[in-house]
Amino acid sequence: MNKYRFELSRGISVWKISSSVNKISFFFSAMQHTNSQNYLEENLRAVTSIMVAQFLQKLTYEKVQTIVKELLDLAEKCKSLKPHESPSECCHQLMTTFLEHICNNQVLADRHVFSDCCNTNNSARHKCFLSYKKDVAGYSDIFQISNPEQICEIDKENPVPVKEKYIYETSRKHPFLYGPTILTMSACYETAVQSCCREENKTECFQIKLEPIRKYIREISLRHHHLCEIGIKFNHKVAKAVELVLLTKKQPRANFSEIAKLAMDIKNLHQICCEGNAVACVLGRSQLMNYTCSKQATLSSKITPCCELPEPFRGECIIISENDEPDPSSLPLSRFTEDQFVCKQFTDKQDDFLQEFLYEYSRRHPELAVPVILRVDTVYQNLLGKCCKLENPLECYSHGEEMFQRVVRESHEHVKNQCDLHEKLGDSNFHDRLIVLYTKKAPQLSAQELVIFTKNMAAAATKCCPLNDEQQFACMENSAKLILGALCRRHEAEPINAGVGHCCDDSYAFRKPCFDDLQVDATYISPHLSCDQVVNLNEDLCRAQEEELQTEKQKLLSNLVKQEPYAAEMQFQSVIVDFAHLVEMCCQAEKSEICLQEEGTRVRALIWEDPTCRGATRPVSHNY
């Protein structure tokens, strides 16, 4: 009998079949003890609590449960959908009633700053509530179990509260994470707790078994939030195109009509899940996965093991399953660049024709990241838009293949240049270089924000650049789309500058190249900073961990670049080197505080070319 093992190590999630019982992970164990024919019905309360906690993130666990009780009667009506019924229609009333409940409770509405939402109609009210959802930092705190013995005692007496509180914490701290994923991982969490409570060293066991859950949730939550952003910011064609590429890469042997249908269904499901109706999201995914498994013979051989699992594990398994092997019998792509009837097809059924091109190109290039394939698609669409107006369009669009190759080559070369620079500079100096570049592009961001943003970019390079050429390219592109997506959500909440806004809004496919080419924001006028604001030295630096010290150094770097964005990079680097040397020297001195004060004053004066540190406002290079 086959056993299924779920790996989450190194950020790679795959299902594997193993004949050895010893290799079964806690994920399979979780599937075993939740193997129920009435899983959705039995977990309706938990699903409803996900919805409530994701909207009312500041509410206590007890108050969330109180509201859930009042909503369960409506949720009951949604649990027994027939195959042809839409979960969005069924559960619409549930969402409406939930929002009315909040608005009818003045204390609740005021506490969560929802009063302005309650003064609008249903559609606008819903969008208003969604705009208040915020990802909460410090999610790892959930996994810091300070008293394992106490947790195990609670779980022994009644395992339900442990799982319910995990669902509550995960939901409120990841308000864009889809309900089915939270249900799946809560079962994993529950199994990990039960397993570790049988171990002698419980603390170590919790650390080992909960880390993959934490990592998976963090990464999948970013993906879900990113997909929601695409659906909100760009038109439905972009959202469908993304799904069509992902599906084709995963199931390249499936025919176009089946992929196109599934892409539309998945796009619609994303919209339901992004609207925060967890009940409809869970039911919708269940319907979709049932359909997918009914078609597994024509879709992909890789999902067969997944389809033997119950929900919600079936859905999570299919989503993260490996890509199938490409179909060697694919028709040549030349029919899109050499056929004389291309313009007729483009004119008669433009959307269908372009979707078919996207499908055919994607199944031939599974190695390319989604944004790169979408760039090729955009270039092809623009090419036909121009060529089909000419007398001899074939001569014009016959150069399409060359253009596609150029798009891929240029994207690839930029990634290679970044990785070459990373190898040359090393992790720390590469991060410093990114801080200089992005402070120039987005100086309106605080130094702290710039350090965190570029830290994510540097981490992506550390992870991706050691891979082989093909994997490196895809890894960097896939990482960039999520990191830049987060930056664009920051811009949406509080506009940064026109250049950032253009890159975020103009084209999803070309978002990364746009940011790569973005230059110094010439409109930015730096506020005058006092010497202490630029170089703040105190004894706390001597007690700081290496990472904290690095952050302070990089915040200094960012503030210097803001003051003089056109200065040579070596000028900034010399100051940073001296800052690090000064801190090291003074922290080893007998009277470190006095040393930091005296040396700090001297460094400030030299940086600002002013002995009194009161007049000049231009950083310059010095040899201390």
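As the structure is a prediction and not an experimental result, all values here were calculated from the model.

> In this structure, what is going on with the overall build of the chain? I would like to understand it.
For the chain, the helix and strand inventory stands at 32 helices and two strands. Taking all 624 residues of the chain together, 52% fall into the buried category. Taking the contacts inside the chain whose residues are at least 6 apart along the sequence as the reference set, 70% of them involve residues at least 24 apart.

> Whenever I open this one, the confidence of the model for the chain confuses me. Can you help?
For any part of a model where pLDDT is low, the fine detail of the predicted coordinates should not be relied upon. Residues with a pLDDT of 70 or more make up 82% of the chain, whose mean pLDDT is 82. Confidence scores differ between elements of the chain, with strand 2 (residues 14-18) showing the lowest mean pLDDT of 33 and helix 27 (residues 511-517) the highest of 97. The low-confidence segment residues 1-26 (pLDDT under 50) makes 56 contacts with residues lying over four places distant or belonging to another chain. Below pLDDT 50 for its whole length, residues 610-624 participates in 39 contacts with residues either more than four positions away or in separate chains.

> What is the right way to look at the packing of helix 3 (residues 44-55) against helix 11 (residues 179-196) in this model?
Packed helix pairs are specified by the crossing angle of their axes together with the interaxial distance, meaning the distance between the axes. Between helix 3 and helix 11, the least distance of the axes is 10 Å, while the angle of their chain directions is 115°. Where helix 3 crosses over helix 11, the handedness of that crossing is right-handed. Of the residues in helix 11, those in contact with Ala46, Val47, Ile50 and Gln54 of helix 3 are Gly179, Ile182 and Leu183. Looking at side-chain class alone, the contact of helix 3 with helix 11 contains five nonpolar, two polar and no charged residues.

> Looking at this structure, how should I read the state of the cysteines?
Two cysteines form a disulfide when their sulfur atoms are joined by a covalent bond. Taken as a whole, this structure holds 15 disulfides when the rule is applied. Through a disulfide, Cys387 is tied to Cys396; the S-S separation comes to 1.9 Å. An S-S torsion of about -60° defines the bridge between Cys387 and Cys396 as left-handed. Here Cys387 and Cys396 have matching classes, each one buried.

> It is not clear to me how the environment of Glu360 should be interpreted in this structure. Could you clarify?
Assignment of secondary structure puts Glu360 in helix 20 (residues 350-364). Sequence spacing of Glu360 and Thr248 is 112 residues, and the spatial spacing of their C-alpha atoms is 8.4 Å. There is a polar contact of 2.7 Å between the side chain of Glu360 and the side chain of Arg364.

> Explain the packing of aromatic side chains to me, please; I cannot follow it from the model alone.
Two numbers describe a pair of aromatic rings. These are the distance of the centres and the angle of the planes. Taken as a whole and judged by the stated rule, the model has 17 aromatic pairs. Between Phe55 and Phe98, the ring centres sit 5.7 Å apart and the planes meet at 70°, which makes this aromatic pair edge-to-face. Of this pair, Phe55 sits in helix 3 while Phe98 sits in helix 5 (residues 87-104); the two residues are 43 residues apart in sequence, bridging distant segments of the chain. With respect to class, Phe55 is no different from Phe98; both count as buried. Between Phe256 and Tyr359 the ring centres are 5.5 Å apart and the planes differ by 55°, which places this aromatic pair in the tilted class. Of this pair, Phe256 sits in helix 14 (residues 256-274) while Tyr359 sits in helix 20; the two residues are 103 residues apart in sequence, bridging distant segments of the chain. Assessed through its relative accessible area of 3%, Tyr359 is described here as buried. Among the aromatic side chains, those forming a connected cluster through ring pairs are Phe336, Phe353, Phe357, Tyr361, Tyr380 and Phe404. In this arrangement the basic side chain of Lys261 is found over the ring face of Tyr291, its NZ or CZ atom lying 4.3 Å from the centre.

> Would you mind showing me how to read the nonpolar core here?
As a rule of thumb, soluble globular proteins bury nonpolar side chains together. The biggest cluster of nonpolar side chains holds 93 residues, and the ones touching the most others in it are Phe357, Tyr361, Leu374, Tyr380 and Phe515. The element that contributes the greatest number of residues to this core is helix 21 (residues 370-387), accounting for ten residues. Setting aside residues up to four positions removed in sequence, Tyr361 forms contacts with Leu333, Leu368, Ile373, Val376, Phe404 and Val408.

> Help me out: how do you make sense of helix 13 (residues 236-250) in this one?
Because each turn of an α-helix spans 3.6 residues, side chains separated by three or four positions in sequence point in the same direction. Spanning 15 residues, helix 13 covers 21 Å between terminal C-alpha atoms, matching the ideal 21 Å at 1.5 Å per step. Counting buried positions along helix 13 gives eleven out of 15 residues, so the element sits mostly inside the fold. Those residues of helix 13 that sit buried are Ala239, Lys240, Ala241, Val242, Glu243, Leu244, Val245, Leu247, Thr248, Lys249 and Lys250. Packing partners of the buried residues in helix 13 comprise helix 12 (202-233), helix 14, helix 18 (313-319), helix 20 and helix 21. N-capping of helix 13 is provided by Asn235, with a side-chain oxygen placed 2.9 Å from the backbone N of Lys237.

> What's the story with unusual backbone geometry in this structure? I'm lost.
If a residue is not glycine, its phi is most likely negative; likewise, a peptide bond is most likely trans. Cis geometry is found at the peptide bond from Glu311 to Pro312, where omega equals 0°. With respect to the helices, strands and loops of the structure, Pro312 is situated in the loop between helix 17 (304-307) and helix 18.

> I'm lost on the environment of Phe353 in this one. Help?
On the secondary structure map, Phe353 appears in helix 20. In the structure, Phe353 is positioned eleven residues away from Val342 in sequence and 9.0 Å away in space, judged by C-alpha atoms.

> How should the pattern of salt bridges be read in this particular structure?
Side chains carrying opposite charge are able to pair once their charged atoms draw close together. Evaluated as defined, the whole model comprises 25 salt bridges. One salt bridge connects Glu190 with Lys163, and the closest N-O pair in it is separated by 3.8 Å. Of the two residues, Glu190 is situated in helix 11 and Lys163 in helix 10 (residues 159-173); the sequence distance between them amounts to 27 residues. Taking relative accessible area as the criterion, Glu190 reaches 10% and is therefore assigned buried. Ionic pairing is found between Lys173 and Glu169, a salt bridge with its closest N-O pair at 4.0 Å. With Lys173 and Glu169 both in helix 10 and four residues apart, this pair spans about one turn of that helix.

> Could you clarify how one ought to interpret the side chain of Gln418 in this entry?
Relative to the helices and strands, Gln418 resides in helix 23 (residues 400-441). Overall, the relative accessible area of 16% leaves Gln418 in the buried class. Setting aside chain neighbours within four positions, we find Gln418 in contact with Phe430, Met476 and Lys512.

> It is not clear to me how the packing of helix 11 against helix 15 (residues 278-294) should be interpreted in this structure. Could you clarify?
Their axes nearest at 8 Å, the elements helix 11 and helix 15 cross at an angle of 85°. One way to sum up the angle between helix 11 and helix 15 is to call them roughly perpendicular. Two secondary-structure elements touch here, helix 11 through Gly179, Pro180, Thr181 and Leu183 and helix 15 through Cys281, Val282 and Arg285. Per-class residue counts for the contact of helix 11 with helix 15 are four nonpolar, two polar and one charged.

Rules used throughout
Every residue gets a number counted from 1 within its own chain, in the order that chain's sequence is written. For a predicted model such as this one, the threshold for reporting local features is a pLDDT of at least 70, and the threshold for listing and counting side-chain atom pairs is 80 or more; totals across whole chains, interfaces and linings nevertheless cover every residue. Side-chain metrics rest on all non-hydrogen atoms present in the structure, leaving aside hydrogens and water. The way it works is that DSSP assigns letters per residue, a run of H or I at least four long becomes a helix, a run of E at least two long becomes a strand, and they are numbered from the N terminus. Relative accessibility decides the category of a residue: with a 1.4 Å probe and only protein chains considered, values under 20% of the type maximum give buried, values over 50% give exposed, and everything between is partly exposed. Any two residues whose heavy atoms approach within 4.5 Å are treated as being in contact. Confidence scores labelled pLDDT are given residue by residue by the predictor and lie between 0 and 100. The convention used is that axes are lines fitted to C-alpha atoms, helices contributing only their stretch in contact, and that angles between N-to-C directions extend from 0 to 180 degrees. Rotating anticlockwise by less than a right angle from the far helix to the near helix defines a left-handed crossing, while the corresponding clockwise rotation defines a right-handed one. In the scheme used here, Gly and all other residues not listed as nonpolar or charged are polar, with Ala, Val, Leu, Ile, Met, Phe, Trp, Tyr, Cys and Pro taken as nonpolar and Asp, Glu, Lys and Arg as charged. Any cysteine sulfur atom paired with another within 2.5 Å is treated as part of a disulfide. Identification of polar contacts relies on pairs of N or O atoms within 3.5 Å, with a donor-acceptor requirement for protein atoms, meaning one able to donate a hydrogen and the other able to accept it, and with residues adjacent in sequence counted only if both atoms are side-chain atoms. For this analysis, a ring pair means two rings from Phe, Tyr or Trp (six-membered ring only for Trp) whose centres lie within 6.5 Å, classed as stacked if their planes differ by under 30 degrees, edge-to-face if by over 60, and tilted for the remaining angles. As a reminder, the over-ring test applies to NZ of lysine and CZ of arginine, requiring each to be within 6 Å of the ring centre and within 35 degrees of the ring normal. For this analysis, a nonpolar core means a set of buried residues of the types Ala, Val, Leu, Ile, Met, Phe, Trp, Tyr and Cys, connected via side-chain atoms within 4.5 Å. What a helix is expected to span follows from its residue count: subtract one and scale by 1.5 Å. One speaks of a salt bridge when a side-chain nitrogen belonging to Lys or Arg is within 4 Å of a carboxyl oxygen belonging to Asp or Glu. Here is the rule for angles: anything less than 35 degrees is roughly parallel, anything more than 145 is roughly antiparallel, 65 through 115 is roughly perpendicular, and the remaining ranges are oblique.

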